[in-house]
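Architecture and fold: a report
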Amino acid sequence: SALRTRLNTTLSSLSIPQYRLFWMSMILLFGGDMMTQIARPWFVYRLTGSPLLLGYTIAATTLPLLLLSPLAGALADRFPKQRILLVCIASQVVINTIIAIDIWAGTIVWWHVLVAAVPQGMVMAFITPTRRAIIADLVDREHILNAVSLNTSTLNFSRIVAPAIGGFIIAFQGIGAGYAFIGIMYGFALLLMFRVPAIRPTGTVAGQSVLQDIGQGFAYIKREPLVA
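Residues numbered from 1 in each chain as written. Predicted model: local features only at pLDDT ≥ 70, side-chain atom pairs only at ≥ 80, totals over all residues. Heavy atoms only, no water.

Moving on, we get to empty space enclosed by the protein. As enumerated under the stated definition, the model contains two cavities of 30 Å³ or more in all. Approximately 40 Å³ is the volume found for the largest cavity. Ranked by residue count, the leading element in the lining of the largest cavity is helix H7 (residues 144–173), at four residues. Tallied by class, residues from the lining of the largest cavity come to seven nonpolar, three polar and no charged. (1 Å grid on protein atoms, 1.4 Å probe; cavity = no way out; pocket = protein on both sides within 12 Å on 5 of 7 lines; lining within 4 Å. Points joined across faces, edges and corners; volume = space filled by probe spheres on them. Helix = DSSP H or I, 4+ residues; strand = E, 2+ residues; numbered from the N terminus. Nonpolar A, V, L, I, M, F, W, Y, C, P; charged D, E, K, R; others polar.)

Quick look at the structure:
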């Protein structure tokens, strides 16, 4: 009885159907992202044997993530976050499917993976702030802390487990199967996200430009020493 009570408290936000769908979608999405971060650099290094090209491939993903995240956060204030996530996840499905077909067709060269890494980095720049901000739209104030904590802990679990699974698939079935599996994970994440309600933002951004919105974010960081 005590254990059941503790579990009910720990998993309380999963009693909310719309959050539960989002939570399952994010597990699949983040798992696919972690597998991609293993598959992409490993494949480029295997094709080229070049540490320099390996570094370029990683930078092609991380630089868009670094540069576009403030813009993505501002846009998440203006559009339904579920719609943003749908577009981003669908993009991941398409990109990974194209790479898998390219591998199976035998036409893959290292720069194909590098080129694909750029839009994937751009997509992740929009997913990262949006998937965090949407939680407040899906649960009431009482469940926000639990929902954020549960989401973070399960994503960190995926960070440990997903790369190991991806490594086994690549080792035993090949890199093409690895990319196909990642695409399937994104596909199921997309189906679940379709069932999450598209809630329009309730904040007031009328008459305020995107640049002003971004500036307010940096101003808030400057005002709050703990955040800084």
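Past the structure itself, the notes keep going.
Take the layout of surface pockets next. When its volume is computed, the largest pocket comes out at roughly 480 Å³. What lines the largest pocket is a set of 26 residues, and nearest its centre among them are Phe30, Met34, Gln37, Met124 and Thr128. Secondary-structure elements contributing two or more residues to the lining of the largest pocket are helix H2 (17–48), helix H3 (51–76), helix H5 (110–133) and H7. By residue number, the principal contributor to the lining of the largest pocket is H2, which donates seven residues. Looking at the lining of the largest pocket residue by residue, the classes come out as ten nonpolar, eleven polar and five charged. By volume, the second largest pocket is sized at about 220 Å³. Per-element tally for the lining of the second largest pocket: the top contributor is helix H9 (residues 210–223), with five residues. In terms of residue class, the lining of the second largest pocket is built from five nonpolar, three polar and two charged.

Over its 20 residues, helix H8 (residues 175–194) extends 29 Å from the first C-alpha to the last, a length consistent with the 28 Å expected when each residue adds 1.5 Å. When we look at burial in H8, the residues that qualify are Ile175, Gly176, Gly178, Tyr179, Ile182, Gly183, Met185, Tyr186, Ala189, Leu190, Leu192 and Met193. Buried residues along H8 sit in contact with H2, helix H4 (81–105), H5 and H7. (Expected span 1.5 Å × (residues − 1). Buried < 20%, exposed > 50% of the residue type's maximum accessible area, 1.4 Å probe, protein only. Contact = heavy atoms within 4.5 Å.)

This paragraph deals with the packing of H2 against H5. Packing of H2 against H5 leaves a shortest axis separation of 11 Å and a crossing angle of 155°. Judged on the interaxial angle alone, H5 and H2 are roughly antiparallel. Viewed along their axes, H2 and H5 form a crossing whose handedness is left-handed. Together, Phe22, Met26, Leu29, Phe30, Asp33, Thr36, Arg40, Phe43, Val44, Leu47 and Thr48 of H2 and Trp110, Val113, Ala117, Gln120, Met124, Ile127 and Arg131 of H5 make up the contact between the two elements. Residue composition of the contact of H2 with H5, by class: twelve nonpolar, three polar and three charged. (Axes fitted to C-alpha atoms, helices over the stretch in contact; angles between N-to-C directions. Parallel < 35°, antiparallel > 145°, perpendicular 65-115°, else oblique. Left-handed = near helix turned anticlockwise from the far one by under 90°.)

The next thing to look at is the packing of aromatic side chains. Scanning the entire structure with this criterion turns up two aromatic pairs. Relative to Phe22, the ring of Tyr19 lies with its centre 6.1 Å away and its plane at 45°, an arrangement referred to as tilted. Of this pair, Tyr19 and Phe22 both sit in helix H2, separated by three residues, roughly a single helical turn. A single burial state applies to Tyr19 and to Phe22, both of which are buried. Here the aromatic rings of Phe168 and Phe172 are separated by 6.1 Å at their centres, their planes lie at 10°, and the arrangement is stacked. Of this pair, Phe168 and Phe172 both sit in helix H7, four residues apart, which is roughly one turn of that helix. Per residue, the accessibility class of Phe168 equals that of Phe172, and both read exposed. (Phe/Tyr/Trp six-rings, centres within 6.5 Å; stacked < 30°, edge-to-face > 60°.)

Now for the nonpolar core. Tyr19, Phe22, Tyr179 and Met193 are the most contacted members of the largest nonpolar core, which has 53 residues in total. For this core, the secondary structure elements donating two or more residues are H2, H3, H4, H5, helix H6 (135–138), H7 and H8. For this core, the leading source of residues is H2, giving twelve residues. Other than its neighbours up to four places away in sequence, Tyr179 contacts Ala39, Arg40, Asn96, Ile99, Ala100, Ile103 and Val113. (Core = buried A, V, L, I, M, F, W, Y, C linked by side-chain atoms within 4.5 Å.)

Packing of H4 against H5 leaves a shortest axis separation of 9 Å and a crossing angle of 155°. Classified by the interaxial angle, the pair formed by H4 and H5 is roughly antiparallel. The two elements H4 and H5 cross, and the hand of that crossing is left-handed. In this structure, H4 uses Lys81, Ile84, Leu85, Cys88, Ser91, Gln92, Ile95, Asn96, Ile99 and Asp102 to contact H5, whose residues at the interface are His112, Val113, Ala116, Pro119, Gln120, Val123, Met124, Phe126, Ile127, Thr130, Arg131 and Ala133. Taken together, the residues of the contact of H4 with H5 break down into 13 nonpolar, six polar and three charged.

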